[in-house]
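# Coordinate analysis (summary)
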Amino acid sequence: MARGKKKNKIDGYKIAERGLGGFIYYAIEALIIVGIIFLFIKGFSVSFKFAYDVFSDKAKNPASKDTVVVEIPMDSSATEISEIIFDSGVIDNKYVMMAKIKIGGYGKDVKAGSYGMSPSMKYGDIIDMICGYNENKEEEDEDDANDKIKVDTGVDVYDSGETGDESGGEDMPTDGETVDGGDADGGDAEGGDADGGDADE
């Protein structure tokens, strides 16, 4: 009888141990699953933000009035350019700048030199500056302004020509007047025939 009770007690401990072990096992498994889900959501969030930053255009601090001089050496790669600009404190993510330069194919257009940059500048403004696109845009605007001046001058000359035609029309007789004069002469001739007829009579 005592043995039976002892055996039952031992079996109860084993069952409890199995139950506790199973609980711990499932708890650990649940924690692992939750961790994987968290990492997945976090990774998706980071990836989405990175993609948004790459394809959008924003400044690190739009209200900043600070200016720093950034030196871009000759034959710098997109990685080196991004690190230099990031280290100067102008941008908040060097990988976004690197991706923008590579995706847009701007690496071949970057010009070495010293540039005055500010945290209030957007990524696109910085790329335009180091690639010299701002200078090209100013030249195009100047050419457009010159073309507009030429067009305006041409209109003025055309108007002057029309004015000259009108003044010339007042001084010279029109074709209609010349024909009318001819008819008048013809009338005189007919009159002459009439006079001749009278003479025959």
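If you're wondering where the values come from, they're calculated on a predicted model, not measured in any experiment.

Cut-off values and rules
Sequence order as written defines residue numbering, which begins from 1 separately in each chain. Local features in a predicted model are, by the rule used here, given only for residues with pLDDT of at least 70; side-chain atom pairs are given and counted only at 80 or more, and totals for whole chains, interfaces and linings are based on all residues. To get the side-chain values, take all heavy atoms of the structure and skip hydrogens and water. For the exposure calls, accessible area comes from a 1.4 Å probe over protein chains only, and a residue counts as buried if that area is under 20% of its type's maximum, exposed if over 50%, partly exposed in between. Helix numbering and strand numbering both begin at the N terminus, where a helix is a DSSP run of H or I of at least 4 residues and a strand a DSSP run of E of at least 2. This arc corresponds to the set of directions leading from the helix axis out to the C-beta atoms. With axes taken as lines fitted to C-alpha atoms, and helix axes fitted only over the stretch in contact, angles between N-to-C directions fall between 0 and 180 degrees. By definition in this entry, angles of less than 35 degrees are roughly parallel, angles greater than 145 are roughly antiparallel, angles of 65 to 115 are roughly perpendicular, and the rest are oblique. Left-handed is the label given to a crossing in which the near helix is rotated counterclockwise from the far helix by less than a right angle, and right-handed is the label when the rotation is clockwise. Every residue pair with non-hydrogen atoms within 4.5 Å of one another is taken to be in contact. Among the buried residues, those of types Ala, Val, Leu, Ile, Met, Phe, Trp, Tyr and Cys that are joined through side-chain atoms within 4.5 Å form a nonpolar core. Cavity means a closed set of points on a 1 Å grid over the protein atoms alone, one where a 1.4 Å probe fits but cannot get out, pocket means an open set with protein on both sides within 12 Å along at least 5 of 7 lines, and lining means a residue has an atom within 4 Å of a point. Grid points are joined across faces, edges and corners, and a volume is the space filled by probe spheres set on the points. Throughout this entry, Asp, Glu, Lys and Arg are counted as charged residues, while Ala, Val, Leu, Ile, Met, Phe, Trp, Tyr, Cys and Pro are counted as nonpolar. The remaining residues, Gly among them, count as polar. Here a Phe, Tyr or Trp ring, Trp counted by its six-membered ring, pairs with any other such ring whose centre lies within 6.5 Å, and the pair is stacked when the planes are under 30 degrees apart, edge-to-face when over 60, and tilted otherwise. One side-chain nitrogen of Lys or Arg within 4 Å of one carboxyl oxygen of Asp or Glu is enough to make a salt bridge. Two joining distances apply to patches: 9 Å for like charges and 5 Å for nonpolar side chains (Val, Leu, Ile, Met, Phe, Trp, Tyr), and every residue must have over 30% relative accessible area and no salt bridge. Only the protein chains shown count as cover for residues, with accessible areas throughout obtained via the Shrake-Rupley method and a probe of 1.4 Å. pLDDT is defined as a per-residue confidence score from the predictor, taking values between 0 and 100.

Now for helix H4 (residues 123-131). When we look at burial in H4, the residues that qualify are Tyr123, Ile126, Ile127, Ile130 and Cys131. All buried residues of H4 fall inside an arc of 120 degrees around its axis, so they share one side.

What follows is about the packing of helix H3 (residues 94-104) against H4. Relative orientation and spacing of two packed helices are given, respectively, by the angle between their axes and the distance between those axes. For the pair H3 and H4, interaxial distance at closest approach is 11 Å and the crossing angle is 55 degrees. What the angle tells us is that H3 and H4 run oblique. Seen from above, H3 lies across H4 with right-handed handedness. Of H4, the residues touching H3 (which contributes Val96, Met97 and Lys100) are Tyr123, Ile126 and Ile127.

With 22 residues, the main nonpolar core has Ile85, Met97, Met117 and Ile126 as its most contacted residues. At the level of elements, strand S1 (68-72), helix H2 (78-87), H3, strand S2 (113-117) and H4 are the ones that each hand at least two residues to this core. Look past the residues within four positions of Met117 in its chain and what remains in contact with it is Asp66, Thr67, Val68, Val70, Ile85, Val90, Ile126, Met129 and Ile130.

Here we come to empty space enclosed by the protein. One pass over the full model with this rule turns up one cavity of 30 Å³ or more. Each pocket or cavity is described by its volume, and for the largest cavity that value is around 30 Å³.

Right, let's talk about the packing of H2 against H3 for a bit. The N-to-C vectors of H2 and H3 enclose an angle of 140 degrees; their axes lie 8 Å apart at closest approach. The orientation of H2 with respect to H3, classified from their angle, is oblique. Crossing geometry of H2 relative to H3 is assigned as right-handed. Each of Ala78, Thr79, Ile81, Ser82, Glu83, Ile85 and Phe86 in H2 lies in contact with H3, whose residues at this interface are Lys94, Met97, Met98, Ile101 and Lys102. Of the residues in the contact of H2 with H3, the class split is seven nonpolar, two polar and three charged.

What follows is about the packing of aromatic side chains. If you walk through the whole model with that rule in mind, you get two aromatic pairs. With a centroid separation of 6.5 Å and 25 degrees between ring planes, the pair formed by Phe44 and Phe48 is classed as stacked. Here Phe44 and its partner Phe48 are both found in helix H1 (residues 2-55), four residues apart, which amounts to about one turn of the helix. Residues Phe44 and Phe48 agree in their burial class; the two are exposed. Ring geometry for Tyr106 against Tyr133: centres 6.2 Å apart, planes inclined by 65 degrees, an arrangement best described as edge-to-face. On the criterion of sequence distance, the pair formed by Tyr106 in the loop between H3 and S2 and Tyr133 in helix H5 (residues 133-171) is long-range, its members being 27 residues apart.

Glancing now at the pattern of salt bridges. For the structure on display, the rule yields two salt bridges. With a shortest N-O distance of 3.1 Å, Lys49 and Asp53 are connected by a salt bridge. Separated by four residues within a single helix, Lys49 and Asp53 lie in helix H1, roughly one turn from each other. Taking relative accessible area as the criterion, Lys49 reaches 48% and is therefore assigned partly exposed. Here Lys58 ties to Asp53 by a salt bridge, and the two come within 3.3 Å at their closest N and O atoms. By relative accessible area, Lys58 is classed as partly exposed at 30%. A network of salt bridges, in which partner residues are shared, links Lys49, Asp53 and Lys58.

Before going further, it helps to spend a moment on a nonpolar patch on the surface. Taken together, the side chains of Phe23, Ile24, Ile28, Ile32 and Ile36 make up a nonpolar region of the molecular surface, amounting to roughly 520 Å² of accessible area. With respect to the helices and strands, the residue Phe23 is situated in helix H1.

On average, residues of the protein score 74 in pLDDT, and 57% of them reach the 70 mark or higher. Low pLDDT, under 50, characterises residues 155-170; the predicted model gives this stretch zero contacts beyond four residues in sequence or across chains.

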